[in-house]
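Each chain, letter by letter, is given below.
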Amino acid sequence: MMKLSAQRTAWCPGILARLCFVVCCVASFMLTADIEAQVVNRKFRQADSFRQLDESLPTPTETRQASGAPGPEYWQQRADYVIDVEIDDENQRLIGREQITYRNQSPHKLKYIWLQLDANIFAPDSDAVLTATAPSLERVSTEELKRLRARLVFDGSMKITEVSDSRKQPLDHTIVKTMMRIDLPAPLASGETFSFNVAWNYAINNSKVVRARTGYEYFEDDKNYLYEIAHWFPRLVAYTDYTGWQHKQFIGRGEFTLELGEYLLRITVPDDHIVSASGELMNAEQVLTETQRKRLEDARTAKTPVFIVTPEEAEENESHKPTGKKTWIFKADNVRDVAFATSRKFIWDAQLHTVDGNEVMAMSFYPKEGEPLWSRYSTHSIIHTLDVYSRYTFNYPYPVAISVNGPVGGMEYPMICFNGPRPEEDKTYSKRTKYGLISVIIHEVGHNYFPMIVNSDERQWTWMDEGLNTFLQYLTEQEWEEKYPSRRGEPQNIVQYMRSQNQVPVMTNSESLLQFGPNAYAKPATALNILRESILGRELFDFAFKEYAQRWKFKRPTPADFFRSMEDASGVDLDWFWRGWFYSTDHTDLSIDSLKLYTLESPDPKVEKAAKKKEREDEPETLSKRRNKSLPTRAQSFPELKDFYNDFDELDVTELDQKNYKKFLEKLEDDERELLDEMRNFYVVDISNQGGLVMPVIFDIEFEDGSHEELRIPAEIWRRNNEKVSKLIVTEKTIKSLTLDPHLETADVDLGNNHWPPKVIKSRFKLFKEKESKNDMQKARGEEDAADDEEEEDSQ
Amino acid sequence: MRIFIFPTWCVALLLVSSAIQTSVAHPFHASFAEVEWNAKTGKLEVALQFDPDDLEKAVRLHCGERINIDDERSAPLIAAYVREHFSIGPRRISNDAKVKHSVGNPAAHDAAASDSKKRDVAGSSNRRSDRFEMIGKEIDAKFAWVYFEIVAKDGPEGLEIENALLANASHPSNTVLVRSGKRTTTMTFTRQTTRRTVRFPDAESSTFGS
Ligand SMILES: [Zn+2]
């Protein structure tokens, strides 16, 4: 619908508001978004987009302050472990024994403590199995059936063989699915320590048939195993100020929440295995050859990764049989967990990297199946991640950073992570595999920062580590090389998810998330990118984000601590932003509804009346008037019928007009006279909010003289009316076109209403089809041309 | 080859598998389809977006070959995979207690491989695959797009979408946006729900503000 109307009124001295009026109305769109996700004010009948968040956030305390920082009374528990573990390579079993020293640093007295037995998720009767809802049974692949059959006979749950105190006296304990409660002989007072032992064993899952974050891979060709071992020992449940024991059952998605502590790890494996683990190797003399130790020393000064075990040596190892066992000893401080990998197939490369004075040995372990991709990119990717992430947060504090290739697609643990991508069997690899590997290593090494060091509660909130980490992953990818094909981070990449219906807010418990990945990874990552680029700006955002990371390094933040820290450090009230992006399912869809032009009439009668005459002349002649032109009239026959009025034109400038104008000018102040001379255009653009999310209004204004101007209006323009606003644009030039969100920075889901004059935005399908058909036409034209050439010879 | 499965047994099996499958790097396996009805041609125009790794894995599993989706020769295999797992047509009668199911991997069922009619025994006799026409594909390191048309003379309203894409991935989420004139609706398909009927929301009741 296009409407055009024009209006002119006489200049009235002193009142600028009397303007002439041209409306160019685009269309009034059907408003379709849903406001249920927001708090709706029934009287005003709008969502309270700018309602302060206080009512949703916990009351600040001296533990967690209103500023978002940990307070003077902040506390967290501590658990130190000494673990002896053996991998039985004959039977693919893990046998472990641990001594845990638990320090009650809370102000509370504890009667019992809880441990997590995550491997119990592999019990046939686990909650994960029982609570899964019926899948569609329309299609079952044979691959799937194979996997299902194998899973039916597999029990990988933990067999607990001992729970005893420091004097080996048995302790009462109760297993509740993936949790175990140990009843203490006497309550543990604040400040006290309790030491106890647990022994256990379990069958390790074959990752081919039971896919998980841990497992073994069997290589048919050389008959060897590769183990990636995680959530493998009974671990202390976090006891916190905000939720007490965080013993929500492990169902599969909500990952881990753990206590920081010190680990001594003794890993016994066949003596021809190479072991890689969270922590620093303490007995290199016993487990490495002299050559290997020498190479490790070389890696300390190398400019590129150095092989500690070369590809040739690793392949040689594959045909070996072990002659006995070896125990590798690792020590890790200030970590919340430990994981390890072991195989005789490992190639190993390393390079020392210094991150702001802290020496880190970056290392990669991979079987020959990972080559040539892994030696080329893995260790480089680790080092690049440490550099970029440390710049945005804090210096990487650990002595090693490790990436392992094995059966797990991608999973993070302190200092070590498992990454899946491999080249094809013929050693070639696609561009996608290359970037897939670099991206996953950046992502998983990046998890050292969130949630390994900034120890957020993964069992409750997936976004607090995945969202923040995916955001930094995007920044890191973009610093790897120009035009890096990042899949997440750019606002336009999340548009499809944002406009989908089956969403829950980001602030939803991990297990209840719908569209898990887009919700917990892509949306918060994109939101932070938008906050950085379009709302706070890089300088303010980076300062606040770093402040949050440093405040909560080795501590346990909640969402409120993040929201408050970002506001506290940036000095910007972002409640509306958290409310929209984290607490609602609204999306961005702003629309230009109309553009009105008001021009100032000239008070000079010579100018103004001439303009009006011109306007009158420009009016279209009606059909009847045109046909009547040739009619003889009575006045023509009797000229005496004409008088003063027949010659008088009301748009002629009279003497009275001139006199009034002179008088008017005399009354004006100097600045008022100046203003009149400038003769500006006053444009009013009406914008409506179709998606519900309040966002900055960003315009590209194109003028008739070909110049452009960018107008960036903060989201606060919506603070009194979040559905419709009008914005005044004052300019001496004439606007030719307006474009909303010209740089695609707000994830606007419908670009069809972002233009004035309106523009038809073609669907992805139509654009593709046009492109294709053009190619076909070109092909056809090519044939025609050939035919024409032949004819041309005849005709000329 | 046909496999006869008692639904209860099958349910138990699948529950186990879906519960413990997790992979974290590519934590989600999602496809997004934009379906727009072209009243002039009487066809639904579909642009379907995948993570290219997901598409490659699915097509490999479907055809039983280690194909590379960047390779032009894989185009018919991609088309066959999409045709088999994404369809729009008249609603079928829902399956009751015991129904014969064919196995999704056509390599496993001889001559029936390309014959999706057999799967339709319980419902409409219209062969949905006949309404499908592949238009093309675009694949880069970030996204894979598959373009196709589906005949729908009277528009999409009331038709049933069957979307069982990425069924072998953990937690697949397939979102479809359907547009017919000014009306739009979105729906999501998972392992649990692979069929939905297109219904446009009442414009009045879903107005943002008033
Ligand atoms: Zn992650």
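## With respect to the overall build of chain B
- Of regular secondary structure, chain B possesses three helices and 11 strands.
- Within the span of chain B, comprising 210 residues, buried residues form 56% of the whole.
- Partitioning the contacts of chain B with sequence separation of at least 6, the portion at a separation of at least 24 is 63%.
- Of the accessible surface of chain B, which amounts to about 9,000 Å², a share of 53% is contributed by carbon and sulfur atoms.

## A few points about helix H15 (residues 605-618) of chain A
Residue and element names in this part refer to chain A.
- With 14 residues, H15 should cover 20 Å at 1.5 Å per step; its first-to-last C-alpha distance of 19 Å lies within 8% of that length.
- Listing the buried residues of H15 in full gives Pro605, Glu608 and Lys609. Along the axis of H15, the buried residues cluster in a sector spanning 90°; they form a single face. Exposed side chains of H15 directed beyond 90 degrees from the buried face belong to Lys606 and Glu617.
- Structurally, H15 contributes buried residues whose contacts are with helix H19 (655-667).
- Where H15 starts, the residue carrying a side-chain oxygen 2.9 Å from the main-chain nitrogen of Lys606 turns out to be Asp604.

## Re the sheet that holds strand S8 (residues 159-165) of chain A
All names here are of chain A.
- Taking strand neighbours across the sheet as the criterion, the seven strands line up as S8-S11-S6-S5-S17-S21-S19 in an open arrangement whose pairing is mixed. The sheet is open, and its two borders are formed by S8 and strand S19 (280-281), each paired with just one other strand.
- The sheet contact formed by strand S6 (residues 93-103) and strand S11 (residues 193-203) spans 11 bridges and is antiparallel. Directly across from Gly96, in S11, lies its bridge partner Trp200.

## Quick look at the pattern of salt bridges
- Applying the stated criterion to the full structure yields 69 salt bridges over all chains.
- Of the charged contacts, one joins B:Lys137 and B:Glu72 as a salt bridge, the two residues approaching to 3.5 Å between their closest N and O atoms. Here B:Lys137 is found in strand S6 (residues 132-139), whereas its partner B:Glu72 is found in the loop between helix H2 (52-63) and helix H3 (75-85), with 65 residues between them in sequence.
- Owing to a relative accessible area of 57%, B:Glu72 belongs among the exposed residues under this scheme.
- Beyond isolated ion pairs, a larger network of salt bridges with shared partners links A:Glu424, A:Arg432, A:Arg487, B:Asp51, B:Asp53, B:Glu56, B:Arg60, B:Arg66 and B:Asp70.

## Side note on H2(B)
Residue and element names in this part refer to chain B.
- With 12 residues, H2 extends 16 Å from end C-alpha to end C-alpha; this agrees with the ideal 16 Å at 1.5 Å per step.
- Taken across its 12 residues, H2 has 10 buried, putting it largely inside the fold.
- Within H2, burial applies to Pro52, Asp53, Asp54, Leu55, Glu56, Ala58, Val59, Arg60, His62 and Cys63.
- For H2, the N-terminal cap is Asp51; the gap from its side-chain oxygen to the backbone nitrogen of Asp53 is 2.8 Å.
- Looking one or two places after H2, you find Gly64, whose phi comes out positive at around 75°.

## Topic: the coordination of the zinc ion
All names here are of chain A.
- Taken together, the protein donors to the zinc ion comprise His443 (NE2), His447 (NE2), Glu466 (OE) and Glu466 (OE), at separations of 2.0 to 2.5 Å.
- Around the zinc ion sit four donor atoms; with metal-centred angles ranging over 56 to 155°, the donor geometry is irregular.
- Counting the intervening residues between successive donors of the zinc ion yields the motif H-x3-H-x18-E. Taken together, the residues His447 in the loop between helix H7 (431-446) and helix H8 (448-453) and Glu466 in helix H9 (residues 463-478) connect sequence positions 19 residues apart. The same class applies to His447 as to Glu466, namely buried.

## Concerning the packing of H9(A) against helix H13 (residues 559-570) of chain A
All names here are of chain A.
- Between H9 and H13, whose axes approach to 11 Å, the crossing angle comes to 40°. Relative to H13, the element H9 is oriented oblique. Judged by residue contacts, Trp463, Met464 and Leu468 of H9 engage Pro559, Phe562 and Phe563 from H13.
- Within the contact of H9 with H13, the residues separate by chemical class into six nonpolar, no polar and no charged.

## Looking at the domain arrangement of chain A
- Once the domains are mapped, chain A shows domain 1 (48-64 + 461-586), domain 2 (78-132 + 146-460) and domain 3 (765-796).
- The C-alpha-based centres of domain 2 of chain A and domain 3 of chain A are spaced at 62 Å.

## Observations regarding the sheet that holds strand S9 (residues 173-176) of chain A
Residues and elements named next belong to chain A.
- Pairing in this open sheet of four strands is antiparallel, and the strands run S9-S10-S7-S14 from one edge to the other. Since the sheet does not close on itself, it has two edges, and those belong to S9 and strand S14 (235-236), each with one partner.
- The sheet contact formed by strand S7 (residues 110-116) and S14 spans two bridges and is antiparallel. Across the sheet, residue Gln116 finds its bridge partner in S14, namely Arg235.

## Remarks on the packing of aromatic side chains
- By the definition in use, this model includes 55 aromatic pairs over all chains.
- A centroid spacing of 5.5 Å and a plane angle of 70° characterise the contact between A:Trp578 and A:Phe582, whose relative ring orientation is edge-to-face. Linking A:Trp578 with A:Phe582, this pair stays in helix H14 (residues 575-582), spanning four residues, or about one helical turn.
- According to the relative accessible area criterion, A:Phe582 is buried, its value standing at 1%.
- Centroid distance A:Phe765 to B:Tyr147: 6.4 Å. Interplanar angle 65°. Geometry classified as edge-to-face. In this pair, A:Phe765 sits in helix H21 (residues 764-795) while B:Tyr147 sits in strand S7 (residues 144-151), so the two residues belong to two different chains. Judged on exposure class, the residue A:Phe765 and its partner B:Tyr147 are both buried.
- When the ring centre of B:Phe189 is taken as reference, the NZ or CZ atom of B:Arg196 above it lies at 6.0 Å.

## Let's talk about unusual backbone geometry
Residues and elements named next belong to chain A.
- Between Glu371 and Pro372 the backbone carries a cis peptide bond, its omega angle lying at 10°.
- Cis geometry marks the peptide bond from Phe450 to Pro451; its omega dihedral reads 15°.
- Within the element layout of this structure, Pro451 appears in helix H8.
- In the Ramachandran plot, Arg45 falls in the positive-phi region, its phi being about 55° despite a non-glycine side chain.
- Structurally, Arg45 can be placed in the loop between strand S3 (40-41) and strand S4 (46-47).
- Of note, the phi angle at Leu744 is positive, near 50°, even though the residue is not glycine.

Calculation notes
Residues numbered from 1 in each chain as written. Chains lettered and ligands numbered in written order. Predicted model: local features only at pLDDT ≥ 70, side-chain atom pairs only at ≥ 80, totals over all residues. Heavy atoms only, no water. Helix = DSSP H or I, 4+ residues; strand = E, 2+ residues; numbered from the N terminus. Buried < 20%, exposed > 50% of the residue type's maximum accessible area, 1.4 Å probe, protein only. Contact = heavy atoms within 4.5 Å. Areas by Shrake-Rupley, 256 points an atom, 1.4 Å probe, with all protein chains shown as cover. Expected span 1.5 Å × (residues − 1). Arc of directions from axis to C-beta. Polar contact = N/O pair within 3.5 Å; in protein donor to acceptor, adjacent residues only side chain to side chain. Pairing = 2+ DSSP bridges. Salt bridge = Lys/Arg side-chain N within 4 Å of Asp/Glu carboxyl O. Donors = N, O, S within 2.8 Å, 3.2 Å for Na, K, Ca; no water. Tetrahedral: all angles 85-135°; square planar, octahedral: opposite > 155°, others 65-115°. Axes fitted to C-alpha atoms, helices over the stretch in contact; angles between N-to-C directions. Parallel < 35°, antiparallel > 145°, perpendicular 65-115°, else oblique. Nonpolar A, V, L, I, M, F, W, Y, C, P; charged D, E, K, R; others polar. Domains from an automatic or database assignment. Phe/Tyr/Trp six-rings, centres within 6.5 Å; stacked < 30°, edge-to-face > 60°. Lys NZ or Arg CZ within 6 Å of the ring centre and 35° of its normal.

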